[in-house]
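# Per-entry structural report
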Amino acid sequence: MNILFAILIAGALVGLNVWLYAANKKTPVPEGCENLKPDCRGCGITDCSLRAKVENREEAK
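Heads up: these notes are all about the structure in this document. (Residues numbered from 1 in each chain as written. Predicted model: local features only at pLDDT ≥ 70, side-chain atom pairs only at ≥ 80, totals over all residues. Heavy atoms only, no water.)

What follows concerns the overall build of the chain. A tally of helices and strands in the chain yields two helices and zero strands. By residue count, 5% of the 61 residues in the chain fall in the buried class. With the model as given, the accessible surface of the chain reaches about 5,900 Å², and the carbon-plus-sulfur share is 62%. (Helix = DSSP H or I, 4+ residues; strand = E, 2+ residues; numbered from the N terminus. Buried < 20%, exposed > 50% of the residue type's maximum accessible area, 1.4 Å probe, protein only. Areas by Shrake-Rupley, 256 points an atom, 1.4 Å probe, with all protein chains shown as cover.)

Written as structure tokens, this is what we have:
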């Protein structure tokens, strides 16, 4: 009986996850958040891998 409850709870959690994922995909992006990119000049972390990629891309222009 405990195994049945465990399977039902796991199935419910998976179903909830699928439903929430689908609902999130249908939600429109808030205004002003359409084209977000990092502002690496304001960040003080110099060894960030994302910062290195952004700076290399800007230097190539």
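If you check helix α1 (residues 2-26), its first and last C-alpha atoms are 36 Å apart, about what 25 residues at 1.5 Å a residue would give, namely 36 Å. Counting buried positions along α1 yields zero of 25 residues, so the element is predominantly exposed. (Expected span 1.5 Å × (residues − 1).)

The next point concerns a nonpolar patch on the surface. On the surface, M1, L4, F5, L8, I9, L13, L16, W19 and L20 cluster together into a nonpolar patch covering about 1,000 Å² of accessible area. On the secondary structure map, M1 appears in the segment before α1. (Patch = residues over 30% accessible without salt bridge, like charges linked within 9 Å, V, L, I, M, F, W, Y side chains within 5 Å. Salt bridge = Lys/Arg side-chain N within 4 Å of Asp/Glu carboxyl O.)

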